[in-house]
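Residue strings, one per chain:
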Amino acid sequence: MTFSLADHQFMAKAIKLASRGQFTTSPNPNVGCVIVKNGKIIGEGWHKKAGTGHAEVNALANLTPDQTTDATAYVTLEPCSHFGRTPPCANLLINANIKRVVVAMLDTNPLVAGKGILLLMQAGVDVKVGLLEQDAKALNLGFFSRMENKRPFVSVKMASSLDGKSALGNGESKWITGAEARADVQTYRAKACAILSTAKTVIADNAKLNVREEQLNFSYPLDEVVKEIRQPLKIILDSRGELDEKRQSELDLFTTNANSLSNNSIVIVRKDSQPLPEKTHNNVSYVQLPYDEASNRFAIDALLDWCGKNEINNLWVEAGAKLAASFVQQGLFDELIVYMAPKIMGMNAQDVMPVGPFDAMEQTIELQLKTLTQLGQDMRLIYLTKSEE
């Protein structure tokens, strides 16, 4: 299908608008919309938050049908055709007398999945699909993973020394990387729907696992709709039941967050054989999941299924080397993000990726390097599984 230079420019603008919602729209996708008439943009918008106006609604908000008659709408994702938290956007475009709709890609949500395009075409609207599709898809990898695989897009984060270590022999790991790398982590946290860690990590580091505005390396898009930073859900694996009420009262994750972050929630994961507390407090809830006593770990696939059912698009794994290694060894990750510092931590330090042991090269795990970025003195390396090459 042939698109003009102007088509590319207007869709690129819509994609840029869509990217502004990547910190706030969860569990909805990021969508942008541009309304063009006689070669000029007359309206633009993006989806900001679930339950509020979609991109098309915001783009048309200050326009009348007289102004939009015979206009073209550029939308990064197929307009919805169903009643959810808001009315169908396909009908909105039809009622606005839009003549032509250019869509970057189809929506794989079963509630839409071509129905929006069909509705527009049945109303006589000229519809074209596929312009800058890969750019639009890259903004919504988590949403599409949940729609198509019923699981979130999984990013496993590791911090490593040059000699492949994650902590000294005594467990000390603050800080392997510098301020620039740690600020970059805050950006990933801000995009995540949930952060996965372990009771061991939380206790050892007194980790808050929150998005810290003062460390963000960008201006968070706050306005009259999004009035505060969206904090990701914290999922903490607690196989030994260490996070009892007394321990919770001693950790910043539970005390600081509960007092200062109004939209913060914590889920503690226990073995399916463990009893749950009779009462909960503040922002804490509990989930029981299968646990393999032989391997001494939770069933990760069951955890990911739970995440999918609970509308988690993007899961950020920020824990110790053992949990990260479990995701990698089982191939249950989408990207491995390694922050490598120019430090030598020595032979007694703890390995960053304790997988194996392997007896033959055929058993080793081969990855595909996606990007390499310098952050201060550190490097950020993003790897995909070889099959995603």
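Residues numbered from 1 in each chain as written. Predicted model: local features only at pLDDT ≥ 70, side-chain atom pairs only at ≥ 80, totals over all residues. Heavy atoms only, no water.

**Q** Where do I start with the side chain of Thr24 in this structure?
**A** Summarising the element assignment, Thr24 is placed in the loop between α1 (5–19) and β1 (32–37). Residue class for Thr24 comes out buried when judged on its relative accessible area of 6%. Looking at Thr24, its side chain comes within polar contact range of the main-chain oxygen of Lys48, at 2.5 Å. Residue contacts for Thr24: discarding those within four places in its chain leaves Lys48, Lys49, Tyr220, Val226 and Arg230. (Helix = DSSP H or I, 4+ residues; strand = E, 2+ residues; numbered from the N terminus. Buried < 20%, exposed > 50% of the residue type's maximum accessible area, 1.4 Å probe, protein only. Polar contact = N/O pair within 3.5 Å; in protein donor to acceptor, adjacent residues only side chain to side chain. Contact = heavy atoms within 4.5 Å.)

**Q** I tried to follow unusual backbone geometry on my own but got confused; where do I start?
**A** Trans peptide bonds make up most of the peptide bonds, and negative phi angles are found at most residues other than glycine. Omega for the bond connecting Ser26 with Pro27 falls within 30 degrees of zero, at 5°, which places this linkage in the cis form. Mapped onto the fold, Pro27 is located in the loop between α1 and β1. Following Gly356, the chain continues to Pro357 via a peptide bond in cis, the omega torsion being 5°. By the secondary structure assignment, Pro357 is in the loop between β16 (350–351) and β17 (367–375). In this structure, Asn38 is a non-glycine residue whose phi angle is positive, near 55°. Of note, Asn38 is situated in the loop between β1 and β2 (40–46). Positive phi values are uncommon outside glycine, yet Lys150 reaches one of about 65°. Inspection of the secondary structure assignment puts Lys150 in the loop between α7 (141–149) and β6 (153–161).

**Q** In this structure, what is going on with the sheet that holds β1? I would like to understand it.
**A** Within a beta sheet, neighbouring strands are joined by backbone hydrogen bonds and run either parallel or antiparallel to one another. Spatially, five strands are ordered β2-β1-β3-β4-β5 in an open sheet, and the strand pairing comes out mixed. Since the sheet does not close on itself, it has two edges, and those belong to β2 and β5 (126–129), each with one partner. Each neighbouring strand pair of the sheet contributes to a mean axis angle of 15°, computed without reference to strand direction. Across four bridges, strand β3 (residues 72–75) lies against strand β4 (residues 100–103) in parallel orientation. The residue of β4 that forms the bridge with Thr72 is Arg100. Contacts from α1 reach β1, β2, β3 and β4, with the element oriented near 145° to β1. Across the sheet, helix α5 (residues 115–122) touches β4 and β5, and the angle it forms with β5 is around 150°. (Pairing = 2+ DSSP bridges. Axes fitted to C-alpha atoms, helices over the stretch in contact; angles between N-to-C directions.)

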